[in-house]
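For reference, the chains in residue letters:
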Amino acid sequence: MAGSSKKAIVAAAIGNGGIAATKFAAAFWTGSSAMMSEGIHSLVDVGNQFLLLYGLGRAARPSDSRHPFGYGKELYFWSFLVAILIFALGGGLSLYEGVQAVMAPGEMHDPLVNLIVLGAAILFEAYSFSVALGEFNKGRGRKSMIRAIRDTKDPSLVTVLLEDTAAMIGLVVALAGILIGYYLHLPVFDGIAAIVIGCVLLLTAVILAVECKGLLIGEGADPLVLEAIRAKVAADPRIESVGEILSVHFGPHDLIILATVDFRDGLTGDDVEGAIHELAASVKAAEPSVRHFYIEALATPRG
């Protein structure tokens, strides 16, 4: 799944890099505030995607004595930083540009240049969006899109998907604002479009920040995963009952599980030790995301 995230991020970064340059060129040539906001949007996206790639690399480092459970949560930190940058730079600068244009609207020149750039940008973003959506759908299963976004533990893939969604919406809004402003001779709509783009970016940032906050402070495993683990442990003939199962994600595919169990009477200490090792191996084989599996016995057997 890490490879899926990188594929989507690289595709988005390549597309946004070229798009940002053309948007800024068109904005300076035509004087369009909506196009300037779109350029800011794409430039922020490029920076964000490099941060996500950096975060993926940092999170992949092996565990050491200072971080015995690994560095998986680094990805959550860098994704949270991306949300802040979208909010502060993307949304804030777009709103500022739009408000300035509404307060002092100026005439737009050569709108055809904007239309060509926006048309090309829509094609690039559509490709990037299709890649991100395809990679996201691989792990979505039969869940709804909103439920899958809420449940996912991979913020990098969600970030790219939401950024691309916001980009598509922003492009349509910019196109509408430029067309209305030019053909109705109401340049104020160009500034209004920039404000709408800023609001879209702020909403995207808030959604990402909320999702990353939950992962940073420690989210548990999917209930279906916990039920599958409970059933596997309970099926062992040496287990009398399964109590509480605690879990926390240290990365998208780095899960720590602690299960409290009651062993059947008559087992020796060696029997229990063997059962713990076998159950850990069995659970890890069935659920590859489980990196560490611990069992706490309710009672210590004799012998």
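Per chain, the residues get numbers from 1 upward, laid out in the order the sequence is written. Thresholds applied to this predicted model are a pLDDT of at least 70 for local features of residues and 80 or more for the giving and counting of side-chain atom pairs; totals over whole chains, interfaces and linings are not thresholded and use all residues. To obtain the side-chain values, all non-hydrogen atoms of the structure were used and water was disregarded.

**Remarks on the sheet that holds strand β1 (residues 239-251)**
So the rule is basically this: Each pair of strands is called paired provided DSSP finds at least two bridges between the two strands. Helix and strand definitions follow DSSP, with helices as H or I runs of at least four residues and strands as E runs of at least two, each counted in order from the N terminus. Angular values range over 0 to 180 degrees, each being the angle between N-to-C directions of two axes fitted as lines to C-alpha atoms, with helices fitted over their stretch in contact. By definition in these notes, contact holds between two residues if any of their heavy atoms fall within 4.5 Å.
Reading across the sheet, the three strands line up as β1-β2-β3 and stay open at both edges, with mixed pairing between neighbours. In this open sheet, the two strands that pair with only one neighbour each are β1 and β3 (290-297). For this sheet the average axis-to-axis angle between neighbouring strands, irrespective of direction, equals 20 degrees. Bridge analysis of β1 against strand β2 (residues 254-263) gives nine bridges, and the strand direction is antiparallel. Each residue of the ladder has a partner; that of serine 247, found in β2, is isoleucine 257. The strands that helix α8 (residues 223-234) touches are β1, β2 and β3; relative to β1, the one it contacts most, it runs at about 145 degrees.

**Description of the nonpolar core**
The tendency in soluble globular proteins is for nonpolar side chains to be buried side by side. We apply this condition: The definition of a nonpolar core used throughout is a set of buried Ala, Val, Leu, Ile, Met, Phe, Trp, Tyr and Cys residues joined through side-chain atoms within 4.5 Å. Three exposure classes are used, based on accessible area relative to the maximum for each residue type with a 1.4 Å probe and protein chains only: buried under 20%, partly exposed in between, and exposed over 50%.
Membership of the largest hydrophobic core comes to 43 residues, with the highest contact counts inside it found for Met35, Ile86, Phe136 and Val160. Among the elements of the structure, α1 (2-30), α2 (33-59), α3 (74-103), α4 (111-138), α5 (145-151), α6 (155-183) and α7 (188-217) are those that each provide at least two residues to this core. Residues within four places of isoleucine 86 in sequence aside, it is in contact with Val44, Asn48, Gly91, Glu163, Leu201, Ala205 and Leu208. Residues Leu226, Val272, Val283 and Phe293 belong to the second largest nonpolar core, which totals 22 residues.

**Quick look at α4**
Selection rule: One less than the number of residues in a helix, times 1.5 Å, gives the span that helix is expected to have.
For α4, spanning 28 residues, the distance from its first C-alpha to its last is 40 Å, which sits close to the expected 40 Å at 1.5 Å a residue. Of all the positions in α4, only Pro111, Asn114, Val117, Leu118, Ala121, Glu125, Ser128, Val131, Ala132, Glu135 and Phe136 are classed as buried.

**Describing the confidence of the model for the protein chain**
Put simply, the rule reads: pLDDT is a residue-level measure of predictor confidence that goes from 0 to 100.
For the protein chain, the average pLDDT comes to 83, and 97% of its residues sit at 70 or higher. The lowest-confidence element of the protein chain is α1, averaging 76 in pLDDT; the highest-confidence one is β2, averaging 91.

**Quick look at the pattern of salt bridges**
Pairs can form between side chains of opposite charge once their charged atoms are near each other. Defined as follows: Any Lys or Arg side-chain nitrogen located within 4 Å of an Asp or Glu carboxyl oxygen qualifies as a salt bridge.
With the rule as written, the count across this model stands at eight salt bridges. Across the pair glutamate 240 and arginine 264 runs a salt bridge, and its minimum N-O distance is 2.9 Å. One end of the pair, glutamate 240, is in strand β1; the other, arginine 264, is in the loop between β2 and α9 (269-286), and 24 residues separate them in sequence. On the basis of relative accessibility, which here comes to 47%, the residue glutamate 240 falls in the partly exposed class. For arginine 264, a relative accessible area of 39% corresponds to the partly exposed category.

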